[in-house]
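Below, each chain spelled out in residue letters.
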Amino acid sequence: MSEQPTRPRRSDATRWDVQGLRAFAVLAVVVYHLWPNRLPGGFVGVDVFFVISGFLITGHLLREQATNGRIALGRFWARRAKRLLPGASLTLLATGAAVLVLVPSTLWGQYGRELIASTLYVQNWQLASDSVDYLASDNQPSPFQHFWSLSVEEQFYIALPVLLVALAVLLRHARWWTPVRTARVLLGAVVVVSLVWSVVETRSAPGIAYFSTATRAWEFALGGLASTVVLSSRVRPAARSIRTGGAWLGAALLVASLVVITPATPFPGTAALLPVAGAALVVLLGARSGLQAVGRLAPVAFVGRISYAVYLWHWPGVVLLPIATGHPLGTRDKLLLLLGTAVLATVTTLLVEEPLRFSARFRSLRPRRVAVWGAVSTLLIVALGGSTLGALQVQQAEAAAFQRSLERGDVPCFGAAARIGSADPCTDPLLSDVRVPTPAAAAEDDVNRDACWSNTTAAFNVCTVGPRTGWTKHIAAIGDSHNNALLSAYAAIAEQRHWRIDVAGHIGCYLTAAVQEAPSQAYTDSCNAWKQSATTWIAAHPDLDAVVATHATTKSPVVPPAGTTTEQATVDGLVGAWRSATDVGVPVIAIRDNPVARDDVMTCLGRMSGPTTTACDVPRSEALASFDGSEQAVRELGDRARFVDLTDWYCTATSCPAVVGGVLVHRDPTHLTATFATTLAPYLGADLARALDSLGR
């Protein structure tokens, strides 16, 4: 990941402690990815690499500035490209080709985007964006995901020299200015500002914080500050003992971070201080400590030497091998993967990276020529990523045309019309090999829109389907994303029955008086404000014939008060919130949540060809395992509430299929496709009409 030392001079000026630090960092990351339970904090190896990069690159730039009076930006970036691009380009090309051969088309869209983002070194921002996108947050891990850290490093390689050059120009007439002093002021400011921002962002938006350059910059800057400190080799024994103790303290902090920090720890934030401070102590004080001897050990030195290639190759195997074999990684698979990674990394380092890096012809290339070769390799890889997206577009266009023809015609047994839970199910042989939308397009089969939706804000957004005047019934459908997943059904019902249906939803938030689990306090605050607005809105519309309420049973569960079970707290929360409607004379109709699918349902369906099989189905008991609470809450409310259960349209007596009547039921493991929701409209509409009649509305 970070700058490797050149071949040692005869005087052996190599920082073997830093080489050992590389070996520690890459082994921590690899072991964590293969055996996360054995090394819960292994992901901090990335932070160690950041410190090493800050230390080496800052030191290099300052030496050039002190020697030549300037930093040659083109030459510096050309050296970085010569060092990093060969291995990265080879990995990206090989992994991209493997994706086309091994990976179901359902993942081509995500993987194609991430391949392009990794090639352009903006993968961290792609993942940060996905982490706050409610749909993309369910993305599968991609074989390019690890390029997020390389992207952050590349952004550091661009920003630091530019800032140093800019400050040199601005301060060229200042008598007190020296390159080292300026670097200390700059890097010190970055440490303070970035660390504070990291703490704040980790609390408010942890998904963004993990990948953001702004929250990681202080780690590079602290390593850079360490490079500005020159320690004399002529010191008294007491001072030498203090330095040695400091280096070993840094090593101890690094080892401790592997155990103390876990995936449940808010990170980076203050927790990152442990590994970052440890790594900074090692690079600052380790040169004349016993850590030199550790790093000089042949196995340690060699792992450090190939650490960049190990980091590049290990993660694609972790992601792609289970797809290729069709089963999760077992111990044997992991050991083979570890061996394969070592072989690939060795070959890449010894036969590609080092021959190019130490080649007189390659080293003599001018920055302009390096830029041309870099642009060519980048365009080649981007074209590979674009080819996956292009092939996907063709598939989706063909499937969409077929789907429209089905919806226009009188196709019996289509979607919910298959009546799979009835004693007399409907079957149509023409639909035996039909699966619409395509698994690759399922995630986009969603008609929810901003007018009906509050993503992470407190705004109570309401949209209306059906007539604005002259309606025969007026109901409001309020809940979380599982409510809004039924929007196409609500629209069809409103059109067929001449009803007005107002729809409002909030991500992970629904009508409950209970406290819900949330990723941040800001999220909790917006959810609570939205629920209060919903209550106020219902009170302002006493003419409603009913409030329709539904909620996801698998996301944002309630937090039970002491002495109360989660199930009881769920029921109590629903009853408490629904009474705000019944108290103003508006009854409640609760819809039981839809069943869930397999976590890998789209990958499973993407592998399927020919007639649809039961390979991707889920046992009914598992699909409906989560406690809903709606039926129990309706019983407590008595005559002012009704319960609607659509389960028999999704499931048979024993299983809940992934495909019903030629239609994919889910667009992700928990949300319905808009196509299937539309086919539910006749049956949901009939259930709602019966409920309204029984309520006297």
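Analysis parameters
Residues numbered from 1 in each chain as written. Predicted model: local features only at pLDDT ≥ 70, side-chain atom pairs only at ≥ 80, totals over all residues. Heavy atoms only, no water. Helix = DSSP H or I, 4+ residues; strand = E, 2+ residues; numbered from the N terminus. Contact = heavy atoms within 4.5 Å. Areas by Shrake-Rupley, 256 points an atom, 1.4 Å probe, with all protein chains shown as cover. Lys, Arg positive; Asp, Glu negative; His and termini not counted. Charge placed at Lys NZ, Arg CZ, Asp CG, Glu CD. Disulfide = S-S within 2.5 Å. Buried < 20%, exposed > 50% of the residue type's maximum accessible area, 1.4 Å probe, protein only. Pairing = 2+ DSSP bridges. 1 Å grid on protein atoms, 1.4 Å probe; cavity = no way out; pocket = protein on both sides within 12 Å on 5 of 7 lines; lining within 4 Å. Points joined across faces, edges and corners; volume = space filled by probe spheres on them. pLDDT = per-residue confidence, 0-100. Axes fitted to C-alpha atoms, helices over the stretch in contact; angles between N-to-C directions. Parallel < 35°, antiparallel > 145°, perpendicular 65-115°, else oblique. Left-handed = near helix turned anticlockwise from the far one by under 90°. Nonpolar A, V, L, I, M, F, W, Y, C, P; charged D, E, K, R; others polar. Core = buried A, V, L, I, M, F, W, Y, C linked by side-chain atoms within 4.5 Å. Salt bridge = Lys/Arg side-chain N within 4 Å of Asp/Glu carboxyl O. Phe/Tyr/Trp six-rings, centres within 6.5 Å; stacked < 30°, edge-to-face > 60°. Patch = residues over 30% accessible without salt bridge, like charges linked within 9 Å, V, L, I, M, F, W, Y side chains within 5 Å.

Novice: Looking at this structure, I do not really get the overall build of the protein chain. What am I missing?
Specialist: When helices and strands are counted, the protein chain shows 26 helices and 11 strands. The C-alpha extent of the protein chain, read off along each of the three principal axes, is 95 × 50 × 50 Å. Relative to all contacts within the protein chain whose residues are 6 or more apart in sequence, the contacts with residues 24 or more apart total 80%. Only carbon and sulfur atoms are counted for the fraction: they give 61% of the accessible area of the protein chain, which is about 29,800 Å². Each charge sign in the protein chain was given a centre, from 57 positive and 50 negative side chains, and these centres are 20 Å apart.

Novice: Before we go on, may I ask you to explain the state of the cysteines in this structure?
Specialist: Cysteine pairs can be covalently joined through their sulfur atoms, and such a bond is termed a disulfide. A full pass over the atoms with the stated rule returns 5 disulfides. Each disulfide pairs two cysteine sulfurs, and for cysteine 452 the partner residue is cysteine 463, the sulfurs being separated by 1.9 Å. As the torsion about the S-S bond is roughly 95°, the cysteine 452-cysteine 463 disulfide counts as right-handed. Remark: cysteine 463 occurs in strand β2 (residues 463-465) and cysteine 452 occurs in the loop between α17 (367-408) and β1 (453-454); sequence separation between them is 11 residues. Given the relative accessible area of 5%, cysteine 463 is considered buried. Cysteine 509 shares a disulfide with cysteine 527; S-S distance 2.1 Å. With the S-S bond torsion at 90°, the cross-link from cysteine 509 to cysteine 527 turns out right-handed. Separated by 18 residues along the polypeptide, cysteine 509 in the loop between β4 (499-506) and α20 (521-539) and cysteine 527 in helix α20 bring together distant segments of the chain.

Novice: Explain the pairing of strand β3 (residues 473-479) to me, please; I cannot follow it from the model alone.
Specialist: For a regular strand, side chains alternate in direction, first toward one face of the sheet and then toward the other. Most of β3 is tucked away: 7 of the 7 residues are buried. Of the two faces of β3, the one carrying Lys473, Ile475, Ala477 and Gly479 and the one carrying His474, Ala476 and Ile478 are both buried. Judged from the 7 bridges that link them, β3 and β4 form a sheet pairing that is parallel. Of the residues in β4, the one forming a bridge with alanine 477 is valine 503. Looking at chain direction, β3 and strand β5 (residues 546-550) are connected through 5 bridges and run parallel. When the sheet's bridge partners are listed, alanine 476 is paired in β5 with valine 547.

Novice: Explain the layout of surface pockets here, please?
Specialist: Gaps left between atoms are located by rolling a probe of water-molecule size over the structure's atoms. The volume enclosed by the second largest pocket comes to roughly 920 Å³. As for the second largest pocket, its lining consists of 33 residues, of which Leu127, Gln145, Trp148, Tyr210 and Phe211 are closest to the centre. Taken together, the elements giving at least two residues each to the lining of the second largest pocket come down to α1 (16-34), α4 (108-119), α5 (123-132), α7 (179-204), α8 (206-211) and α14 (307-325). The element contributing the most residues to the lining of the second largest pocket is α8, with 4 residues.

Novice: Looking at this structure, how should I read the confidence of the model for the protein chain?
Specialist: Per-residue confidence for the protein chain gives a mean pLDDT of 88; residues scoring 70 or more make up 91%. By mean pLDDT, α17 is the weakest element of the protein chain at 63, and strand β6 (residues 588-591) is the strongest at 97. Low confidence marks residues 2-11, where pLDDT is under 50. Its contacts with residues over four positions away, or in another chain, come to 31 contacts.

Novice: I keep staring at the packing of helix α2 (residues 45-68) against helix α6 (residues 147-170) and nothing clicks. Help me out?
Specialist: Helix packing for two helices is described by the angle between their axes and how far apart those axes are. One can describe the packing of α2 onto α6 by two numbers: an axis separation of 11 Å at closest approach and a directional angle of 30°. Viewed along their axes, α2 and α6 adopt a mutual orientation that is roughly parallel. For the pair α2 and α6, the sense of crossing is right-handed. On α6, the residues that touch Val46, Phe49, Phe50, Ser53, Gly54, Ile57, Thr58, Leu61 and Gln65 of α2 are Trp148, Ser149, Val152, Glu153, Phe156, Tyr157, Leu160, Pro161, Leu164 and Ala168. Of the residues belonging to the contact of α2 with α6, the class tally is 13 nonpolar, 5 polar and 1 charged.

Novice: How should I be thinking about the nonpolar core in this particular structure?
Specialist: Considering soluble globular proteins, one finds that nonpolar side chains tend to be buried as a cluster. Leu21, Val103, Tyr111 and Leu160 are the most contacted members of the largest nonpolar core, which has 86 residues in total. Excluding residues within four positions of it along the chain, leucine 21 makes contact with Val48, Ile52, Leu254, Ala279, Val282 and Val283. Grouped together as the second largest cluster of nonpolar side chains are 50 residues, Val436, Ile501, Tyr650 and Leu695 included.

Novice: So what exactly am I meant to see when it comes to the pattern of salt bridges here?
Specialist: Applying the stated rule across the entire model yields 15 salt bridges. We note a salt bridge from glutamate 353 to arginine 83, for which the minimum N-O separation is 3.4 Å. Of this pair, glutamate 353 sits in helix α15 (residues 331-358) while arginine 83 sits in helix α3 (residues 73-102), placing them 270 residues apart in sequence. Arginine 83 matches glutamate 353 in its accessibility class, with the two residues each being buried. With its nearest N and O atoms 3.1 Å apart, the salt bridge here joins arginine 500 to aspartate 502. In this structure arginine 500 comes out as buried when scored by relative accessible area, which is 17%. Each of Asp47, Arg216 and Glu219 takes part in a single network of salt bridges with overlapping partners.

Novice: How do you make sense of the packing of aromatic side chains when you look at a structure like this?
Specialist: Geometrically, a pair of aromatic rings is defined through the distance of the ring centres and the angle of the planes. With the rule as written, the count across this model stands at 15 aromatic pairs. Relative to phenylalanine 220, the ring of phenylalanine 156 lies with its centre 4.6 Å away and its plane at 20°, an arrangement referred to as stacked. One end of the pair, phenylalanine 156, is in helix α6; the other, phenylalanine 220, is in helix α9 (residues 213-227), with 64 residues separating them in the sequence. The class of phenylalanine 220 is buried, set by a relative accessible area of 1%.

Novice: Would you explain the environment of glutamine 140 in this entry?
Specialist: Secondary-structure assignment places glutamine 140 in the loop between α5 and α6. When its relative accessible area of 27% is taken as the criterion, glutamine 140 is described as partly exposed. Excluding residues that lie within four positions of it along the chain, glutamine 140 makes contacts with Leu107, Gln110, Tyr111, Asp599, Asp600 and Thr603.

Novice: How do you make sense of unusual backbone geometry when you look at a structure like this?
Specialist: Cis geometry marks the peptide bond from phenylalanine 267 to proline 268; its omega dihedral reads 10°. Along the chain, proline 268 turns up in the loop between α10 (237-260) and α11 (273-285). A cis amide bond links valine 436 to the next residue, proline 437, at an omega of -10°. Of note in this structure, arginine 419 is not a glycine but carries a positive phi near 50°. With respect to the helices, strands and loops of the structure, arginine 419 is situated in the loop between α17 and β1. Judged by its relative accessible area of 30%, arginine 419 falls in the partly exposed class.

Novice: Is there a simple way to explain a nonpolar patch on the surface in this structure?
Specialist: Among the surface-exposed residues, Val192, Val193, Val196, Trp197 and Val200 lie close enough to one another that they form a single nonpolar patch of about 460 Å² accessible area. Within the fold, valine 200 resides in helix α7. Given a relative accessible area of 41%, valine 200 falls into the partly exposed group.

Novice: Which parts of the structure should I look at to understand empty space enclosed by the protein?
Specialist: Per the stated rule, a full pass over the model turns up 5 cavities of 30 Å³ or more. In this structure, the largest cavity encloses a volume near 50 Å³. Lining of the largest cavity is provided by Leu85, Ala88, Ser89, Leu92, Ser118, Thr119, Tyr121, Ser377, Thr378 and Ile381. Listed by contribution, the elements that provide at least two residues to the lining of the largest cavity are α3, α4 and α17. If you tally residues by element for the lining of the largest cavity, the top one is α3, at 4 residues. Across the lining of the largest cavity, the residue classes tally to 5 nonpolar, 5 polar and no charged. Each pocket or cavity is described by its volume, and for the second largest cavity that value is around 40 Å³. In this structure, the second largest cavity is lined by His482, Leu486, Thr550, Ile591, Arg592, Asp593, Asn594, Leu646, Tyr650 and Leu672. Classifying every residue of the lining of the second largest cavity by side-chain character gives 5 nonpolar, 3 polar and 2 charged.

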